[in-house]
Amino acid sequence: MPVSKYKSVRDVLLTQRGLAFVTAAGQPADAEKVCAVELELAEVGYVVSERLRRRFGTCSSTELADFLGWALSALTEHVGGDQKHEPLFRHFPQGVPDNTKELWWNKVLVHFLQAEGQPCLFCGRSGTTHVLNPCRHVVCDHCFDSSNYSACPSCEHHVDRASPFFQPAQDRGRPLENVRFKVVDLAESEEHEAAKLFVSLCERRQALSPVDRESLLVILREYKSRVLDWLPATIPVRENVAIVFGTLFQECNSDHVLPVARRFMTTATDVLRFIAVASGTDGSLLRETRFMTVERTEAPSRFWGDIAKLIGARAPGPMRRAVTIPLRVCRFKVAKLPRPLRRAVLSLLDGMHRDRLIEDMLRHRSYWVWVGEFLHPHEYAARFPNIAAAFQIVRKKAPDGTTAPRFRGWYSKLAQSFDGRDIDAMLAILDERPGEFARRIDYAIRVAGDDSRAIDRVVESFVQKVPTLATPVLLTLRSHLPNRVTPARVRIYWPKGRIAKGASSTDERPPLPLSAIEPVCRTIDAELLHRFAQKPAFSVCVIDDELRDVTVPFNERTASAAAVSLPRGSRVRVPLEKTMRLFLHWCQPAQGGQPTDLDLSVALYDDAWQYIGVCSYYQLKLKANDNQVIAQSAGDLRDGPWPEGATEFVDLHCGPAADNGARFAVMVVNNYAGMPFSRLERGFAGLMIRDDACGTHFDPRTVELKFAVNGENGVFLPFVLDLRDRVLHWLDVQSKGQFELNNVETSSAAITKICPELISYFESGVRPAIYDLALLHAAARCERIMVRGADVQYFTRRSGEDRVAFHQRLVAGESDGNWSPPWAANPAPILAFLYRGDLDLPEKSSSYALFRERVVPTTSASDLLS
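Summarised in this report is the structure supplied together with it. (Residues numbered from 1 in each chain as written. Predicted model: local features only at pLDDT ≥ 70, side-chain atom pairs only at ≥ 80, totals over all residues. Heavy atoms only, no water.)

Points about helix α12 (residues 339-350)
Structural remark: α-helix, 3.6 residues per turn; residues separated by three or four positions point the same way.
Stage number 1. Along its twelve residues, α12 runs 16 Å from first to last C-alpha, staying within 8% of the 16 Å computed at 1.5 Å per residue.
Stage number 2. Inspection of α12 places Leu341, Arg342, Val345, Leu346, Leu348, Leu349 and Asp350 among the buried residues, and these make up the whole buried set.
Stage number 3. Tucked into the core, α12 has its buried residues touching α8 (238-251), α9 (254-264), α10 (268-278), α13 (354-363), α14 (365-375) and α15 (385-395). (Helix = DSSP H or I, 4+ residues; strand = E, 2+ residues; numbered from the N terminus. Expected span 1.5 Å × (residues − 1). Buried < 20%, exposed > 50% of the residue type's maximum accessible area, 1.4 Å probe, protein only. Contact = heavy atoms within 4.5 Å.)

Examining the pairing of strand β23 (residues 782-788)
Consecutive side chains along a regular strand alternate between the two faces of the sheet.
Stage number 1. Burial of β23 is extensive: five of the seven residues sit out of reach of the surface.
Stage number 2. Summarising the sheet, strand β10 (residues 538-544) and β23 pair through six bridges and their orientation is parallel. Within β23, the position partnered with Val542 by the bridge is Met786.
Stage number 3. Alignment of β23 against strand β24 (residues 793-796), held across four bridges, turns out to be antiparallel. Residue Arg784 lies in a different strand from β24, and its bridge partner there is Thr796.
Stage number 4. In this antiparallel pair of consecutive strands, β23 and β24, the connection spans four residues. (Pairing = 2+ DSSP bridges.)

Some thoughts on the packing of aromatic side chains
Stage number 1. A complete count under the given rule lists 33 aromatic pairs for this structure.
Stage number 2. On the numbers, 5.9 Å between centres and 35° between planes, the contact of Phe332 with Tyr367 is tilted. Taken as a pair, Phe332 in the loop between β7 (319-329) and α12 and Tyr367 in helix α14 lie far apart in primary sequence, 35 residues in all. For the pair Phe332 and Tyr367, a shared accessibility class is recorded, and that class is buried.
Stage number 3. Measuring from centroid to centroid gives 5.0 Å for Tyr761 and Phe762, while their planes differ by 70°, and the two rings are edge-to-face. In this structure, Tyr761 and Phe762 share a single accessibility class: buried.
Stage number 4. An aromatic cluster is built from Trp494, Phe554, Tyr761 and Phe762, whose rings are joined through pairwise contacts. (Phe/Tyr/Trp six-rings, centres within 6.5 Å; stacked < 30°, edge-to-face > 60°.)

Some remarks on the environment of Glu518
Stage number 1. For Glu518, the location among the structural elements is in helix α22 (residues 514-532).
Stage number 2. Judged by its relative accessible area of 39%, Glu518 is partly exposed.
Stage number 3. It is 43 Å that separates the C-alpha atoms of Glu518 and Ala276, two residues lying 242 residues apart in sequence.

Some points on the sheet that holds β23
Stage number 1. Ordered by their spatial adjacency, five strands build an open sheet running β24-β23-β10-β25-β26, and the pairing between neighbours is mixed. Two strands lie at the open edges of the sheet, namely β24 and β26 (846-851), each paired on one side alone. In this sheet, neighbouring strand axes are inclined to one another by 15° on average, regardless of whether the strands run parallel or antiparallel.
Stage number 2. Lying over the sheet, helix α25 (residues 770-781) contacts β10, β23, β25 (831-836) and β26, oriented at roughly 150° with respect to β23.
Stage number 3. Along the sheet face, helix α26 (residues 803-812) touches β23 and β24 and points at about 170° away from the line of β24. (Axes fitted to C-alpha atoms, helices over the stretch in contact; angles between N-to-C directions.)

Quick look at the nonpolar core
Stage number 1. Formed by 134 residues in total, the largest nonpolar core has its most connected members in Met426, Ile543, Leu652, Phe719, Leu721 and Ile785.
Stage number 2. It is α25 that contributes the most residues to this core, nine residues altogether.
Stage number 3. Residues in contact with Met426, not counting those within four places in the same chain, are Leu414, Ser417, Phe418, Ala444, Val447 and Val458.
Stage number 4. Listed in part, the 71 residues of the second largest apolar core include Val241, Phe274, Ile275 and Ile387. (Core = buried A, V, L, I, M, F, W, Y, C linked by side-chain atoms within 4.5 Å.)

Looking at a negative patch on the surface
Stage number 1. Residues Asp450, Asp451, Asp456 and Glu460 make up a contiguous surface patch of negative charge.
Stage number 2. By relative accessible area, Asp451 is classed as partly exposed at 41%. (Patch = residues over 30% accessible without salt bridge, like charges linked within 9 Å, V, L, I, M, F, W, Y side chains within 5 Å. Areas by Shrake-Rupley, 256 points an atom, 1.4 Å probe, with all protein chains shown as cover. Salt bridge = Lys/Arg side-chain N within 4 Å of Asp/Glu carboxyl O. Lys, Arg positive; Asp, Glu negative; His and termini not counted. Charge placed at Lys NZ, Arg CZ, Asp CG, Glu CD.)

Brief notes about the sheet that holds strand β15 (residues 621-623)
By way of backbone hydrogen bonds, the strands of a sheet pair with one another, either parallel or antiparallel.
Stage number 1. Sheet architecture is open: six strands sit in the order β15-β16-β17-β12-β19-β20, paired in antiparallel fashion. The open sheet has two free edges, formed respectively by β15 and β20 (703-708), since each of these has just one partner strand. With strand direction ignored, the average angle separating the axes of adjacent strands in the sheet is 10°.
Stage number 2. Looking at chain direction, strand β19 (residues 682-690) and β20 are connected through five bridges and run antiparallel. Note on β20: the bridge partner recorded for Met688 is Val703.

Re unusual backbone geometry
Stage number 1. The linkage connecting Asn133 with the following residue, Pro134, adopts the cis geometry, with an omega of 10°.
Stage number 2. Note that Pro134 resides in the loop between β3 (129-131) and β4 (138-140).
Stage number 3. Here the amide bond leading from Trp642 into Pro643 is cis, since omega sits at 5°, within 30 degrees of zero.
Stage number 4. Its place among the elements puts Pro643 in the loop between β16 (629-633) and β17 (646-653).
Stage number 5. You will see that Trp609, though not glycine, has its phi angle at about 60°, which is positive.
Stage number 6. As for its placement among the helices and strands, Trp609 is situated in the loop between β13 (597-605) and β14 (611-615).
Stage number 7. In this structure, Asn627 takes a positive phi of about 75° despite not being glycine.

This is how it looks when you write it as structure tokens:
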């Protein structure tokens, strides 16, 4: 499923950076038309900056209309407002049946017994029944409110709405909402802004998120070979090298691309990723998923047989139906590789260090065996002997069938040194690859055991390698190591894959000695401060204390594409006195699709994660003991036909839920039947925070979170609401679930294991927070710092205080006397790390804002690691 459908770089810059491009060449329009444009933007939750308003005043009516049409389309699509959102019960939140069981029996009886031309089974009236197409169910417009339903009341599939059964619903109107508007600012040069974004994406120190990857692809496809002039000196992430040059290879003349690409591709995996991207994959070298459709015969369930007997109907017989099975393979459809290109690739590979070449190829053996069928390396064995020999080892045999020689690589030697507890050999091997040393420093210290001299040698050797390590690695170690003095409450692993599945276990590792941790952390802090000091300096920095609960992005490749870049593990405050409206939208493909039933549910649990209740398709209303509604569903739609798709809503009232013993409310998206998430034309879900539950079902102004539904797995757990602490825990994980028929009941064991474990894991501080990163930047780059929280704290760098000492004082919270914020009287640029962009910053300021409002952020969380 496509991550996004940006039409141009302009769309990317508007939705991701809040930048608009407006030309003014005609006769200026009158002020009323400018006001009309602003009002139209406010209808989707945006306001314009003063600079943009002044530019509007010089635009003609045609130019204003062109801008408005483009901006509204891009901004509404960004939050999902471009789709039709009509639930099963059109009167929602009114019109939802109180008794789900009674409604279900009515649907069963209609399905089996109601016939065309007969009086209604329930009310006995004649002439009130209608046959719906194509499902052929016969429904009564007296017993089923025809103005309330949007699909068949019996099977809940979409049908022809031309039937006289369906009556028009009343216009719902615009809800009355207290809206937090987001600002849109004027930018002058689209190419200049595109180049800045391109460079920042290339300089990232970790894999790109789906949204950032799509932004990079849009720039590459629009500007093509012009981006070669924008390339930075290095592209740290290998996968990004492949995205850049593999995409350019598709879009440009290969003679222009390959000479530049050779400078950036230094390993065999770089070359393999390049071929993979040029062939149309994402270059991650994760197993590709193919889907096989098979037919199988199924006996009807005993349940349906009992129902048939009870009502005197004929028992259903065996059914044959198509089932889609995902297969994961290490191959892809390889792009056409002309002979000159094959020679260039083989020449590049042949020039690499032989042992490293072989070892690198063995890491992705299955892919290389497949790609080798298209490279034909043995045609050029005399010209490129190294790569020909490497392919023999990868294939385990020579072209004549003789067995390839045995190869012993770096990882094998390292494992042997670990097993033998040979400290000298271990350190000699790890010194060759500092990145691998960083990933194994915890284990290396444990290998040293209780020998203090051996531990000191490991620490001393690692400290010397710290300047060569990537910033994200150092920041992760800085949070991980201090937590290793005691066993963790739970140990979480993040297996490599296209989606996040946090595997867990008990922590059986022996604690690390403090004497080993402290010198490593001191060195890391000093190195990070040194690196950040190379960035532009500012006099003043503003930091929001709420960023303590926002995690520094990690494992971004598996993050759900989202309108708000909320890193996994973050905790954000939510106003639980308002209505939490959860939404889910999906659409089947126009060709080759099948009916797909996704379900949106909210499951409630107490303090001990004991199940309290659910609001779902089998419990449309969840009520308290005093009959007060805790949550209610807008109904279950069982297919999402192209092009309109289907939308489900659930309203959660947090106050009544908490009053009745609920502590945690879990949003659950289940794949009940049909196609996997990733094969749908589109799929997304999210959260609106509503003051007015009536009015338009979907109000783009109130969308707090909107994220993609992707992957093949059956159960998606986006977030947990803590009703006591008024916090949303953003988890963004999936559970395998069942092959089909997933719901909260079948997923309860996974929910009550995954959610509390991940909440505990992230609350332990094992992952760094944006606040920690902000303090490092502030101490390295600024003279005065203001920390905004319940109480405002002011810090000023003292005479002779170096950045290490200043940072230690910031962490300890040893503030100085108050000083007046300077941006009102002296609008010099400042550095700002904001939870909500509620400050009017001077021009040329550098800012990060989790939720941008009055601020147009210039950096993302990932940029702070570059």
